[in-house]
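# Chains, contacts and geometry: an overview
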Amino acid sequence: MIMALIDFEVAPEGRAGLLEALQPLLAEARGFEGNRGYRAWTDSESSAHIGLLHEWDTIEHFRTYAASDLVDRVGKILRPAMTTPPVSRRLRTEGIEEVRG
């Protein structure tokens, strides 16, 4: 599995609006073949933080997403609002188990 984590900061007063604007694009990404999840989160200790986490079955699925116009559309929303450069980590992970309930 491939996981990508992106962290950055925005002006605190604009964070809620950015998260709302992202929701349809995150839902679109979740529709890509091989996507296991794509979500945004915030840090309870920072009113400026936004994080993105996405999970992919294979590197090929991730590359298909990364080459799509969706990445550009997400960037057009987020990049102008970023007050710090994004930190992006891409990880190859091994699942141990998934527990539900």
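Look up: the structure comes first, before these words.
Source: prediction; values computed, not measured. Within each chain, residues carry numbers counting from 1 in the order of the written sequence. Under the rules for a predicted model, residues below a pLDDT of 70 receive no local features and side-chain atom pairs below 80 are neither given nor counted, while totals for whole chains, interfaces and linings still include all residues. Excluding hydrogens and water, the side-chain figures rest on all heavy atoms present in the structure.

Looking only at helices and strands, the protein features three helices and four strands. The N-to-C order of helical and strand elements in the protein reads β-α-β-β-α-α-β. Expressed as lengths along the three principal axes of its C-alpha atoms, the size of the protein is roughly 40 × 30 × 25 Å. Summary of the burial criterion: residues with accessible area below 20% of their type's maximum are buried, those above 50% are exposed, and those between are partly exposed, where the area comes from a 1.4 Å probe applied to protein chains only. Residues classed as buried in the protein amount to 38% of the 101 residues present. Should any heavy atoms of two residues lie within 4.5 Å, those residues are counted as being in contact. Sequence separation of 24 or more characterises 71% of the internal contacts of the protein that already satisfy a separation of 6 or more. Here, Shrake-Rupley sampling with a 1.4 Å probe gives the accessible areas, and only protein chains in the shown set may cover a residue. By element, 51% of the accessible surface of the protein is carried by carbon and sulfur atoms, the whole surface being about 6400 Å². A positive count includes Lys and Arg, and a negative count includes Asp and Glu. His and the chain ends are not counted in either. One atom stands in for each charge, and that atom is NZ of Lys, CZ of Arg, CG of Asp or CD of Glu. Of the side-chain charges in the protein, 12 are positive and 16 negative, and the distance between the mean point of each set is 4 Å. The numbering of helices and of strands both runs from the N terminus, where a helix is a DSSP run of H or I of at least 4 residues and a strand a run of E of at least 2.

Here we take up the environment of Leu 22. Along the polypeptide, Leu 22 turns up in helix α1 (residues 12-30). Spatially, the C-alpha atom of Leu 22 lies 23 Å from that of Leu 91, the residues being 69 residues apart in sequence. In this structure, Leu 22 is in contact with Leu 52, Val 74 and Leu 78, ignoring residues within four places of it in sequence.

Another point: the sheet that holds strand β4 (residues 87-92). The four strands are arranged β2-β3-β1-β4 in an open sheet whose pairing can be described as antiparallel. Two strands close off the open sheet at either side, each with one partner strand: β2 (35-41) and β4. Put simply, the sheet's adjacent strands are angled 10 degrees from each other on average, direction ignored. Here the axes come from fitting lines to C-alpha atoms, over the contacting stretch only for helices, and the angles between their N-to-C directions go from 0 to 180 degrees. Sheet strands touched by helix α2 (residues 59-66): β1 (2-9), β2, β3 (49-56) and β4. Its angle to β3, the strand with the most contacts, is close to 130 degrees. Two strands are said to pair when DSSP picks up at least two bridges between them.

What follows covers the pattern of salt bridges. By salt bridge we mean one thing: a side-chain nitrogen of Lys or Arg within 4 Å of a carboxyl oxygen of Asp or Glu. Using the criterion set out here, one finds six salt bridges in the structure. Across the salt bridge formed by Glu 28 and Arg 73, the nearest N and O atoms sit 2.6 Å from each other. Of the two residues, Glu 28 sits in helix α1 while Arg 73 sits in helix α3 (residues 69-78), which places them 45 residues apart along the sequence. For the salt bridge of Arg 73 with Asp 69, the shortest nitrogen-to-oxygen distance reads 3.3 Å. In this pair, Arg 73 and Asp 69 both sit in helix α3, four residues apart, roughly one turn of the helix. Bridged by salt links that share partners, the residues Glu 28, Asp 69 and Arg 73 form one connected network.

Glancing now at the environment of Ala 11. Residue position: Ala 11 is located in the loop between β1 and α1. Once the C-alpha coordinates of Ala 11 and Ala 81 are considered, the two residues, 70 residues apart in sequence, prove to be 7.2 Å apart. With near-sequence residues (within four places) excluded, Ala 11 lies in contact with Ala 81 and Thr 83.

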